[in-house]
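In case you want the letters, here they are:
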Amino acid sequence: MIADLQGMQIAYDDKGNGLPILFIHGFPLDRTLWTAQAATILKICRTISIDLRGHGESQAIPGPYSMKMLAQDCNSLLNKLEITEPVILCGLSMGGYVTLEFYRQYPSRVAGLILAATRSGPDTAEGRANRDKAIFEARQQGVISIVDSMLPKMLAQYTYKHRPELIRPLRAMMLRTSLDGAIGALEGMKNRSDSTPILTSIRIPTLILHGAEDQIIPITVAKAMQTVIFDSTLRILSEAGHLLNLEQPDLFNQAILDFLATSYHVR
Ligand code: MLT
């Protein structure tokens, strides 16, 4: 479905009933990342997934796309769907940056957090330089340059070897990202704020999920977040890399189902 959010066409899915969970994908991906989660979780919750601007089927305009802007799009979508009760946000990687920014801006709208393969800190100087290089190459060669450099790092070695059927659809998903969208997101991520200072103020249930073999965001970052978020649980999934929900959907879904049962008595 497509929502017109103040003139910006944003694609989304909205299925099921009950406690709402908004799924926010990473970079350069789209809402189909969450197909396996939506199929299971919609049986007990209202599951909403968004294509961030410039990604998937959503409209692309030139960036930068600040994390604040992307969080505002998520908020506008919830308004459009007339969801007034607090929601659980589930963000993976860049989607996690957006999740923490959303929490910073609209804390009363959030019932819980699921932070997957993400971090609270900003880019390092090296990370910022890498963003500039990726932007430069994408302007020259198109989104394919980003896909070629990121695809070999997105999954665990185990997945490349034992589940090679995941690679082709993942590549297609990455290639659906528009050039404006990819560059806009890279610019936004490069200049994102440090969300670490807000972690100690989080008082809502928080589930942190990380792949044991994540090549993009080190597991130490997830462990550090867990030590400072008051009501948080860390689940590390073995034989999973950066896209742990695609690689180990059953383990990922079970972790969410356990979280929903324990923290919200939803089962
Ligand atoms: C993502 O998966 O969203 C990105 O790898 C995050 C990043 O580049 O910082």
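Scroll up to find the structure.
Residues numbered from 1 in each chain as written. Predicted model: local features only at pLDDT ≥ 70, side-chain atom pairs only at ≥ 80, totals over all residues. Heavy atoms only, no water.

What follows concerns the state of the cysteines. On inspection of all chains with the given rule, the structure shows 0 disulfides. Cysteine 45 forms no disulfide, and the closest cysteine sulfur to it belongs to cysteine 90, at a distance of 11 Å. (Disulfide = S-S within 2.5 Å.)

Counting residues in each nonpolar core, the largest one holds 88 residues, and the members touching the most others are Phe27, Met154, Leu170, Leu243, Leu244 and Leu260. With residues near it in sequence (within four places) discarded, leucine 260 still touches Leu19, Ile21, Ile41, Ile44, Cys45, Ile88, His265 and Val266. (Core = buried A, V, L, I, M, F, W, Y, C linked by side-chain atoms within 4.5 Å. Buried < 20%, exposed > 50% of the residue type's maximum accessible area, 1.4 Å probe, protein only. Contact = heavy atoms within 4.5 Å.)

A few words now on helix H7 (residues 167-175). Considered for burial, the residues of H7 that qualify are Leu170, Met173 and Met174. The buried residues of H7 occupy one face: seen down the axis, they fall within an arc of 100°. Against the buried residues of H7 lie helix H5 (144-154) and helix H11 (244-247). (Helix = DSSP H or I, 4+ residues; strand = E, 2+ residues; numbered from the N terminus. Arc of directions from axis to C-beta.)

Quick look at the packing of H5 against H7 now. H7 packs onto H5 with a crossing angle of 145° between their chain directions and a minimal axis gap of 10 Å. Considering the relative orientation of H5 and H7, their crossing is right-handed. Within the contact between the two elements, H5 uses Ile144, Val147, Asp148, Met150, Leu151 and Met154 and H7 uses Ile167, Leu170, Arg171, Met174 and Leu175. For the contact of H5 with H7, the class distribution of residues is 9 nonpolar, no polar and 2 charged. (Axes fitted to C-alpha atoms, helices over the stretch in contact; angles between N-to-C directions. Left-handed = near helix turned anticlockwise from the far one by under 90°. Nonpolar A, V, L, I, M, F, W, Y, C, P; charged D, E, K, R; others polar.)

Moving on, we come to the site of the ligand. Gly26, Phe27, Ser93, Met94, Tyr97, Arg131, Met150, Met189, Ile216 and His242 make up every residue found near the ligand. A distance of 2.8 Å is found between an oxygen atom of the ligand and a backbone nitrogen or oxygen belonging to methionine 94. Tyrosine 97 has a polar side-chain atom sitting 2.5 Å from an oxygen atom of the ligand. Here the ligand has 270 Å² of accessible area as a free molecule, and 95% of this is covered by the chains. (Near = heavy atom within 4 Å. Polar contact = N/O pair within 3.5 Å; in protein donor to acceptor, adjacent residues only side chain to side chain. Areas by Shrake-Rupley, 256 points an atom, 1.4 Å probe, with all protein chains shown as cover.)

Our focus in this paragraph is the pattern of salt bridges. It is possible for side chains of opposite charge to pair when their charged atoms get near one another. Scanning the model with the defined rule gives 15 salt bridges in all. Arginine 53 is paired through a salt bridge with aspartate 73; the nearest N and O atoms lie 2.6 Å apart. Residue arginine 53 is found in the loop between strand E4 (46-50) and helix H2 (67-80), and its partner aspartate 73 is found in helix H2; the two are separated by 20 residues along the sequence. Of the two residues examined, arginine 53 and aspartate 73, each falls in the buried class. In this structure, arginine 131 and aspartate 123 form a salt bridge, with 2.7 Å as the shortest nitrogen-oxygen distance. Neither arginine 131 nor aspartate 123 differs from the other in exposure class; each is buried. (Salt bridge = Lys/Arg side-chain N within 4 Å of Asp/Glu carboxyl O.)

Right, let's get into unusual backbone geometry. For the peptide bond that leads from phenylalanine 27 to proline 28, omega is -10°, which places it in the cis range. Note on placement: proline 28 falls in the loop between strand E3 (20-24) and helix H1 (35-41). Despite not being glycine, serine 93 has its phi angle at roughly 55°, a positive value. Mapped onto the secondary structure, serine 93 falls in the loop between strand E5 (87-92) and helix H3 (94-105). Of note in this structure, glutamate 239 is not a glycine but carries a positive phi near 50°. Summarising the element assignment, glutamate 239 is placed in the loop between strand E8 (232-237) and H11. By relative accessible area, glutamate 239 is classed as partly exposed at 35%.

Turning next to the side chain of arginine 131. Secondary-structure assignment places arginine 131 in helix H4 (residues 125-141). Under the relative-accessibility criterion, arginine 131 is labelled buried at 15%. When neighbours within four sequence positions are excluded, arginine 131 is seen to be in contact with Tyr97, Asp123, Leu186, Met189, Lys190 and Arg192.

Pairing between sheet strands relies on hydrogen bonds along the backbone, with the strands arranged either parallel or antiparallel. Sheet architecture is open: 8 strands sit in the order E1-E2-E4-E3-E5-E6-E7-E8, paired in mixed fashion. Two strands bound the open sheet, and with one partner strand each, they are strand E1 (2-5) and E8. Across this sheet, the average inter-strand angle for adjacent strands is 25°, counted without regard to direction. Here 4 bridges tie strand E2 (residues 8-15) to E4, and the two strands are oriented antiparallel to one another. Paired with aspartate 14 across the strands is isoleucine 48, a residue of E4. Relative to E1, H2 is tilted by about 110°, and along the sheet it contacts E1, E2, E3, E4 and E5. (Pairing = 2+ DSSP bridges.)

Any link to function would need more than the numbers given here.
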